[in-house]
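A structural walkthrough
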Amino acid sequence: MNFPEEVERADITLSNAADVDVTGTGGGSIIINARNLNLEGSSQIRAGITADSISSEAQAGDITVNATENITVDHSSISNQVSLEAVGNSGDTIVTTGNLNLTNGGTFNTNIFGQGNGGSVNITATDTITIDGQDSDGNPSSVDSRLQPEAEGNSGDVIIITGSLNVTNGARLTTSTEGQGNGGSVNITATDTITIDGQGSDGIPSSVDSRLQPEAEGNSGDVIIITGSLNVTNGARLTT
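Presented here is an overview of the structure given in this document. By convention here, each chain's residues receive numbers from 1 onward along its written sequence. Totals for whole chains, interfaces and linings use all residues, but because this is a predicted model, local features are given only for residues with pLDDT of at least 70 and pairs of side-chain atoms are given and counted only at 80 or more. Only heavy atoms go into the side-chain values, all of them from the structure, while hydrogens and water stay out.

We now examine the overall build of the protein. Each helix is a run of DSSP H or I of at least 4 residues and each strand a run of E of at least 2, with the numbering of both proceeding from the N terminus. A count of helices and strands for the protein gives zero helices and 16 strands. The principal-axis extent of the C-alpha atoms belonging to the protein is close to 50 × 45 × 35 Å. Residue exposure (1.4 Å probe, protein chains only): buried if accessible area is under 20% of the type maximum, exposed if over 50%, otherwise partly exposed. Residue burial in the protein is summarised as follows: out of 240 residues, 49% are buried. The long-range fraction of contacts in the protein, counting pairs at least 24 apart against all pairs at least 6 apart in sequence, stands at 81%. By element, 43% of the accessible surface of the protein is carried by carbon and sulfur atoms, the whole surface being about 10300 Å². We call two residues in contact when some of their heavy atoms are within 4.5 Å. Using the Shrake-Rupley algorithm and a 1.4 Å probe, accessible areas are obtained, with residue cover drawn only from the displayed protein chains.

Here it is as structure tokens:
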């Protein structure tokens with residue numbers, strides 16, 4: 001069913017390690033329609049394939065978030081992944097909003113720990129996307145799609161469409177292959193400005209990249225950027 005456009009939407013807040021979990025051996029979608037969505041205090045929204053899945057045909061559902069104004073993910077995560085020892089494919093994460101803020105280690109990710117292919121992370125924000133900083137343990141705020149060590153499959157793409165994109169203070173936007181398989185591409189369209197700036201407290205730079213890690217087997221993806229203005233400053237990096 002479709003959510004009626006003329007219905008006023010309310011705010012949704014998940015806090016204090018709240019957990020929305022539809023992981024399983026297949027299916028399991030999440031759809032959120034809100035005005036503002038706030039995740040804080042180690043809260044999670046997650047879908048994906050669990051370790052008891054043994055079928056290569058297993059397909060996780062998508063996570064779809066529509067927020068007419070703002071999404072804030074503070075020291076929390078939205079993830080769609082294939083668990084360790086699981087077989088199957090993760091779904092996509094599809095986000096539409098006005099502004100998106102990932103802070104203090106807040107993440108959007110698709111991860112493959114077992115065998116299967118990762119879904120894509122698709123984000124459309126009409127105004128600004130800000131990915132900033134790290135949590136107290138040094139974990140960066142991020143949007144990423146990763147094939148983890150010893151995993152087999154292909155990671156998905158990260159697709160960003162926005163007005164302005166800021167990746168700052170050690171944050172990252174990346175696809176990565178650490179197992180056996182190919183990495184997805186990073187595709188960014190920002191009508192105004194992209195800023196990749198600075199480093200985290202541990203000296204790790206802010207980055208937009210597609211990487212094939214040591215001991216991995218496969219190919220990294222592309223980094224494709226269309227924008228009005230691009231700034232890569234103060235030790236930040238843009239790389240494959």
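What makes a salt bridge here is a side-chain nitrogen of Lys or Arg within 4 Å of a carboxyl oxygen of Asp or Glu, nothing more. If you walk through the whole model with that rule in mind, you get seven salt bridges. Note that Arg35 and Asp11 form a salt bridge whose closest N and O atoms lie 2.9 Å from each other. On the criterion of sequence distance, the pair formed by Arg35 in strand 3 (residues 30-40) and Asp11 in the segment before strand 1 (12-14) is long-range, its members being 24 residues apart. Taking relative accessible area as the criterion, Arg35 reaches 24% and is therefore assigned partly exposed. Note that Arg46 is salt-bridged to Asp21, the shortest N-O span being 3.4 Å.

The next subject is the pairing of strand 11 (residues 158-168). Taking burial as the measure, the 11 residues of strand 11 include eight buried ones, the bulk of the element. Strands are treated as partners if at least two bridges between them are detected by DSSP. Pairing analysis gives 10 bridges linking strand 9 (residues 121-132) to strand 11, with the strands arranged parallel. Bridge pairing in strand 11 places Ile129 opposite Leu165. Pairing geometry for strand 11 and strand 13 (residues 186-197), over 10 bridges, is parallel. Looking at the pairing, Asn166 lines up with Thr195 of strand 13.

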